[in-house]
Amino acid sequence: MHYTTLRHSIRTAIALSNGEKRIGIENIGIALGHSKQFFFKRTQRESKELKNLKQTGFSGQQVWVKIIGGDSNQELFRAKTLGLRDFVKLVTYEATVYRNMKAIILLAVFAETGIEKILEDAFSGRSIDFILDKIVHYSQWTYEELEEVLAYNRAEVRALYH
C-alpha cells in the first residue's frame, strides 16, 4: 500500500497481488474539490449523471480491500476502492463536463507523468504498444456523446435557476 498526499487530502493507492491497482474512494471528492460524500452521492443512485458516466465505460465497481500490516499479517483496516480506469473516467468527466479545475490539473499531471514514462520506455527499447490499447479504449467516447452530456448538464443548470 502506498499513500500519496494531494494538498488537503490523503489518497490510498493499493496494488493488489494480481497486479491490479486501485484507488481508495474515501477522498476522491476532496481531490476534485467536493465534499467527502461526493463519490458516494455520485454513484449511490441511478441518476442521469451516473448513466452518462456509465456511457463512457465507467463501471462504478467498488471493491473492499483489506490492508494487512507488515510482519504481523494483521488486518490494519479495510478500504473501499475504485479501479484506476474508473477513477480516470470520473476525473475526465469532471474536467470535460464541469470544467472542474482540480480535475483538469489531475489530468495534466497524469498526462505529464505518462509521457515521461512512455518516453523512458521507448528510449530504453521497451515496447510501448500498450498505448494503442489505451487509445482504442478512450476513443470510444465519441464527440456526439460528450456534446449530449454537456447539453443535458446545461439544461439541468438552467432548470435550477428558472
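Up top you'll find the structure we're talking about.
Residues numbered from 1 in each chain as written. Predicted model: local features only at pLDDT ≥ 70, side-chain atom pairs only at ≥ 80, totals over all residues. Heavy atoms only, no water.

### Remarks on the packing of aromatic side chains
Applying the stated criterion across every chain yields a total of three aromatic pairs. Aromatic side chains Phe39 and Phe40 sit 6.3 Å apart centroid to centroid with 80° between the ring planes, which places their arrangement in the edge-to-face category. Among the residues examined, Phe39 registers a relative accessible area of 0% and is labelled buried. (Phe/Tyr/Trp six-rings, centres within 6.5 Å; stacked < 30°, edge-to-face > 60°. Buried < 20%, exposed > 50% of the residue type's maximum accessible area, 1.4 Å probe, protein only.)

### Observations concerning the packing of helix 4 (residues 84–97) against helix 5 (residues 101–123)
Helix 5 packs onto helix 4 with a crossing angle of 130° between their chain directions and a minimal axis gap of 8 Å. Classified by the angle between their axes, helix 4 and helix 5 sit oblique to one another. The crossing of helix 4 and helix 5 is left-handed. Contacts from Phe87, Val88, Val91, Thr92, Glu94 and Ala95 in helix 4 reach Ala103, Ile104, Leu106, Leu107 and Phe110 in helix 5. (Axes fitted to C-alpha atoms, helices over the stretch in contact; angles between N-to-C directions. Helix = DSSP H or I, 4+ residues; strand = E, 2+ residues; numbered from the N terminus. Parallel < 35°, antiparallel > 145°, perpendicular 65-115°, else oblique. Left-handed = near helix turned anticlockwise from the far one by under 90°. Contact = heavy atoms within 4.5 Å.)

### Focus: helix 5
Taking 1.5 Å per residue, 23 residues should reach 33 Å; helix 5 reaches 33 Å between its end C-alpha atoms and fits that length. Those residues of helix 5 lying buried are Ala103, Leu106 and Asp121. A distance of 2.9 Å separates the backbone nitrogen of Lys102 from a side-chain oxygen at the start of helix 5, and that oxygen is part of Asn100. With its phi angle positive at about 85°, Gly125 sits one or two positions after the end of helix 5. (Expected span 1.5 Å × (residues − 1). Polar contact = N/O pair within 3.5 Å; in protein donor to acceptor, adjacent residues only side chain to side chain.)

### Notes on the packing of helix 3 (residues 48–55) against helix 4
Following both chains from N to C, one finds helix 3 and helix 4 inclined at 120°, their axes separated by 10 Å at the closest point. Crossing angle aside, the handedness with which helix 3 passes helix 4 is right-handed. Between helix 3 and helix 4, the contacting residues are Glu49, Asn52 and Leu53 on the first element and Lys89, Leu90 and Tyr93 on the second. The class makeup of the residues in the contact of helix 3 with helix 4 is three nonpolar, one polar and two charged. (Nonpolar A, V, L, I, M, F, W, Y, C, P; charged D, E, K, R; others polar.)

### Some words on the pattern of salt bridges
Working definition: two side chains of opposite charge can pair if their charged atoms are close together. Under the defined criterion, the tally for this structure stands at seven salt bridges. Across the pair Glu94 and Arg42 runs a salt bridge whose closest N-O atoms are separated by 2.8 Å. Of the two residues, Glu94 is situated in helix 4 and Arg42 in helix 2 (residues 38–44); the sequence distance between them amounts to 52 residues. Considered together, Glu94 and Arg42 belong to a single accessibility category, that of buried residues. When the shortest N-O distance is used, the salt bridge between Arg126 and Glu120 registers 3.7 Å. Given a relative accessible area of 42%, Arg126 falls into the partly exposed group. Counted as one network, the salt bridges with shared partners bring together Lys117, Glu120, Asp121 and Arg126. (Salt bridge = Lys/Arg side-chain N within 4 Å of Asp/Glu carboxyl O.)

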